[in-house]
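# Structural characterization, general
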Amino acid sequence: MSFDPRQLADPVFFSRLDNLELRAQGIVEGFMHGLHRSPFVGFSVEFASHREYAQGDDLRHVNWKIFARQNRLYVKQFDAETNMNLYLLLDVSGSMDCRSKGISKLEYGAALAAALGHLALKQHDAVGLILLADEVLAHLPPRARPHQLQEILRIIHNTKPRQTASTARAFQQAAELCTHRGIVVILSDLFDDLDALMQAIERLRFAQHEVVVFHLWDPWERDLPLEGHCKFHDLETGEVLVTQAESVRAGYVAAVEAWRRELETHCRNRSVDRVELKTDDPLDQALLDYLVRRAKTL
Amino acid sequence: MSFLQIGFLGALAALAIPIIIHLVFRQRSKRVDLGTLRFLRVVLQQNARRRRVMRWLLLTLRLACVALLAVLFARPYWLAFRPAGEKQTVAILIDRSATMDVKTDGQRLIERAVAAAKEIVAASGSNTRFEVAFFDHAVRPLAGSYLASGGRESPDNRREADASRSPKRDLSPSELLGKLQAPAVCAGGTDYGAVIDWARDVLAKSPAGPRTLHIFTDLQQSGLAWSEVDSLPDDVVTHLHDLGRSAVNNIAVTEARPERTWLRPQEQTAIHVTVHNGGIFTIEELPIQLTLTSGGRRVELKEQVKLEPGTSESVRFDLPPLAEGAWQGSVAVETEDDLALDNQRHVAFVASPPYQVLLIDGRSAQSPVLAATYFLDTSLRLAPAGEIDAASLFQPHSILLENGLPALDKFQVVVLADVGELDRGDAAKLARFVDAGGGLLVFGGENVTGPRTAAIAAAGLGVGSVGAVANATDLPLRLGTWDSKHPIFAAFSDPQLGDLARLSFSACTQLTPAADAQVLARFKDGKPAVIERRRGKGSIVWFASSCDRQWSDWTRSRLYLPLMYQLLGHQTGYLAGGPVRSAVLEGQVELPVDAQPGVVAKDGFSLVVNTSPRESETERCTSDDFVNRFGLKLAAAGPAAPAPAPAATAKASLGTEMIDSEFWPWIALALLGSLLVEGIVANRTAA
């Protein structure tokens, strides 16, 4: 890929994210303490509840005041805050190479992935990356080490768009690779069979992952703002269609809109956040908007 | 179906243009990469069939547009329905010029011509179509009047000519015989060219079949040279009926020309008279009598001349001082000859003071020299104060606005010089004056502003809205353009005669012309300088600058006096011909077709109508001269040519007029409809 996503690790861009917190919506597992609530009720800072003492419990957590009043032994439980696993699933299929405004969807998605990875690593969360097309092309397990971002960017840089018949199988494989609960961020145009795609997402949800879909569009793909006689090429299949753009625009937009509604319905039914982004949307602003929205929902 | 302009069918080759466009547009497309074509595929599957149909429809519409355009220019027409056999067309032209009043065997030539024409109509078969017209200097089809191309049409002529061009049904022989009557008086000149042109047109547009032309005339030689004509279609067989007499004894007054038609009361003038002997005998003492009347007054003068055969003599009648009034009468020779109509010619005079011009000064000045009307008054009098030059056409009467308007009955023109606040009653009086035919000339000035001229505008004496005074800045205002065809400015069409652009003004009144007003001149910056508006029978002219030295030094210019005379000459009607105008019944004349010799009172002037002096020349041409002049094919020259194919018929016509059976308006309508539908379909069709 000629585009180097490492140049997107722009300090100015990332400095605008420093004041925001990326919070997981649910409880995620983790080994490291952080800002995210652990699914394991443990002994940490924030009190959660009481339970009866059992043999082997640390006597430091016994609530002696209750014992004094009721003559029964209870131990205090605390929510342990820990880090999360952020899985970045970047679609590198041929359709992601569509570019009408100078930047392709893949480049746009790569930039988003870099931004999210950087943000998560600053919170000491583990970030992993999966590149997928018709199968998983690259897999970097989640790590919270300092050089993880550079590794992510290097992998993306070495990847080229690849003509793909279907990405459904790749999503299934990726779901298998997301072993620990966390946030799964899908960066894709989702131009595939929706049912197959939703099966993969259901699998992620079944594994209790928080799934966020960054649905990427090229402006031409969504609104077809073209005039005159056009020869349309399908970047996935190489198929060619010739027609008068303005005469099919209304029908095209209606078909896209119907598909978007169907996709939105599927996502809502599965509690999946879907964020639509066009490649001419400001990259940082789009990300900030999303994070602000997420922060409000927590 | 046949075509008048079959050559235009060659334009059908342009059908290739939409085909080329169709093919070119199908090939040219730009590449667009999309992530998926799934949505496009859905749309295209939905309307693929509809799109295919629409594209064929679009191609068909474009082809139809081009084809209709080509056919439109070819001017197709339907041939008349023929029940059986071929329809014969017979055109009959009957000379009704003044010389057809000559009698032979006690019967006028025109009556003999009509009788012969009736015989032709009566003897015709049921399958014959007639085109009949009388002619002199104009062509008069039985259904109306038609003036030959090249001639100037009066409004009356034009109306009748339009009527004759409108679709009309063919007359039955009995109807035709009923309408075919000899006119009571023949007075017009002879113009063979006009009627041959008319015959060429009607025969070219006639249905296919034998075509015959009958001409009843006295072969007067003076009628040959009026106009050039195109030859008749090749298959037209001509029958020339020569009704003229070999020798005509004609004594004529060919000229009666007053030295001046507008005199001052008690002024003397003379009339120059020319008489001609067209007979073969010498007349020793031909009495010539001049008779003039005005009201109850009468002047009669007599002279005698000796006239040799074929010669002309001139006589001068010195008139006594004539009292004020409109004088009219005639000069007549007392003789018995074959053609009585040209034995007299009508004359008219007006003995009256100059045009009376009322100058209203809107500015009270301490000195007469500073008055707004001072220079105008002086230029009209052409003489020191209190006097008037005998040659001046105008007699000015200057008054101050504050003294109120006098009775306007005796004035022909009223001039408002720097007049602002006019009394409403005076404004209404001025409006009635203009309605009755008077002329109003308004000059600008400091007083002429919108608010101050409200009463003038309310009375309908404005030519639009009046704005504020516009002062020139670094450069003076100069006239930039003017209508050199308008009578006021026609005299200045050649800069050698006076360049109006040299006049300069330091300010002007801003005028915005009304919709019914005509801007006759503009300053170089585009502001209107002279505007005219018609009202009732009169005219209103506004000049945007002053007529004195308030805003300009043009009163010292040598253009001042000519321009003022042109302005006032236009407003009085002098530029249009003065109080007495004359016309002759021949070729290009703006007269009603039924005009007769005499003196006719018109609005503001008298019109003297006389017969054409050419009609007094009774020399005849030979049949060969006539036939060769117009390229006719006489019936005696050989059997009639077979009727050509309709296409050949169409080719023979130059087709400058619409004929009854043409249907190009419908094709034009279809073309417009096709273009409209094409536009709609093209906008809704994917290529």
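Scroll up to find the structure this text is about.
Summary of the structure given here. (Residues numbered from 1 in each chain as written. Chains lettered and ligands numbered in written order. Predicted model: local features only at pLDDT ≥ 70, side-chain atom pairs only at ≥ 80, totals over all residues. Heavy atoms only, no water.)

## Considerations on the interface of chain B and chain A
We count it as follows: Every residue pair with non-hydrogen atoms within 4.5 Å of one another is taken to be in contact. By convention, the term buried area covers the 1.4 Å-probe accessible surface removed from two parts as they join, with the contributions of both added. When a carboxyl oxygen of Asp or Glu is within 4 Å of a side-chain nitrogen of Lys or Arg, the pair counts as a salt bridge. N or O atoms within 3.5 Å of each other form a polar contact, as long as, within protein, one can give a hydrogen and the other can take it, and as long as residues adjacent in sequence are counted only when both atoms are side-chain atoms. For helices the rule is a DSSP run of H or I covering at least 4 residues; for strands it is a run of E covering at least 2, with both sets numbered from the N terminus onward. Strand pairing is assigned whenever DSSP identifies at least 2 bridges connecting the two strands.
Chain B puts 22 residues into the contact, and the matching count from chain A is 33 residues. Carbon and sulfur atoms supply 67% of the area that chain B and chain A bury against each other, a total of about 2500 Å² over both sides. The largest per-residue losses of area from chain B upon contact with chain A belong to B:Val32, B:Leu34 and B:Phe39, which jointly make up 24% of the total buried on that side. Here chain B is connected to chain A by 2 salt bridges. At the boundary of chain B and chain A, one finds 12 residue pairs in polar contact (both at pLDDT 80 or more). Secondary-structure elements contributing two or more residues to the side of chain B that touches chain A are helix H1 (16-27), strand E2 (30-34) and helix H2 (38-74) of chain B. It is H2(B) that provides the largest number of residues to the side of chain B that touches chain A, a total of 7 residues. Summarising the sheet, strand E9 (residues 229-234) of chain A and E2(B) pair through 5 bridges and their orientation is parallel.

## Re the pattern of salt bridges
Residue and element names in this part refer to chain A. The condition that has to hold: Here the term buried applies to any residue with accessible area under 20% of the maximum for its type, exposed to any over 50%, and partly exposed to those in between, with areas from a 1.4 Å probe on protein chains only.
Tallied over the entire structure, the rule returns 52 salt bridges over all chains. Glutamate 176 serves as the salt-bridge partner of arginine 203, at 3.3 Å between the closest nitrogen and oxygen. Separated by 27 residues along the polypeptide, arginine 203 in helix H6 (residues 194-206) and glutamate 176 in helix H5 (residues 168-177) bring together distant segments of the chain. Judged by its relative accessible area of 36%, arginine 203 is partly exposed. According to the relative accessible area criterion, glutamate 176 is partly exposed, its value standing at 47%. Here arginine 274 ties to glutamate 264 by a salt bridge, and the two come within 2.8 Å at their closest N and O atoms. A residue pair is termed long-range when its members are at least 10 positions apart, and arginine 274 in strand E11 (residues 273-278) and glutamate 264 in helix H8 (residues 245-269) qualify at 10 residues. Classification of glutamate 264 as partly exposed rests on a relative accessible area of 25%. Taken together, the shared-partner salt bridges connect Arg222, Asp223, Glu257, Arg260, Arg261, Glu264, Arg268, Arg274, Glu276 and Lys278 into one network.

## Thoughts on the sheet that holds strand E6 (residues 136-143) of chain A
Strand pairing within a sheet occurs via backbone hydrogen bonds; the two strands may be parallel or antiparallel. Residues and elements named next belong to chain A. Rule in force here: Throughout, an axis means a line fitted to C-alpha atoms (over the contacting stretch in the case of helices), and angles, computed between N-to-C directions, take values from 0 to 180 degrees.
Judged by pairing direction, the sheet is mixed, and its 6 strands sit side by side in the order E6-E5-E4-E7-E8-E11 without closing on themselves. The open sheet terminates on both sides in strands that have one partner only, identified here as E6 and E11. Going across the sheet, the axis of each strand differs from the next one's by a mean of 15°, ignoring polarity. Both strand E7 (residues 183-188) and strand E8 (residues 210-217) contribute to a ladder of 6 bridges, which runs parallel. Looking at E8, one finds that leucine 187 is bridged to phenylalanine 214.

## Considering the pairing of strand E10 (residues 240-244) of chain A
Residues and elements named next belong to chain A. As paired strands, E9 and E10 are joined by 5 bridges and run antiparallel to one another. Following the sheet pairing, histidine 233 is matched in E10 by valine 240. Between E9 and E10, which follow one another and run antiparallel, lie 5 residues, and glycine 238 among them has a positive phi close to 80°.

## Details of the sheet that holds strand E8 (residues 139-141) of chain B
All names here are of chain B. The strand order across the open sheet formed by 5 strands is E8-E7-E4-E9-E10, and the pairing between neighbours is mixed. Sheet topology places E8 and strand E10 (236-242) at the edges, where each strand pairs with a single neighbour. Pairwise comparison of adjacent strand axes, ignoring direction, gives a mean angle of 20° for this sheet. Bridging between strand E4 (residues 88-95) and strand E7 (residues 128-135) involves 8 bridges; their strand directions are parallel. Each bridged residue has a counterpart across the sheet, and for isoleucine 94 the counterpart in E7 is phenylalanine 134.

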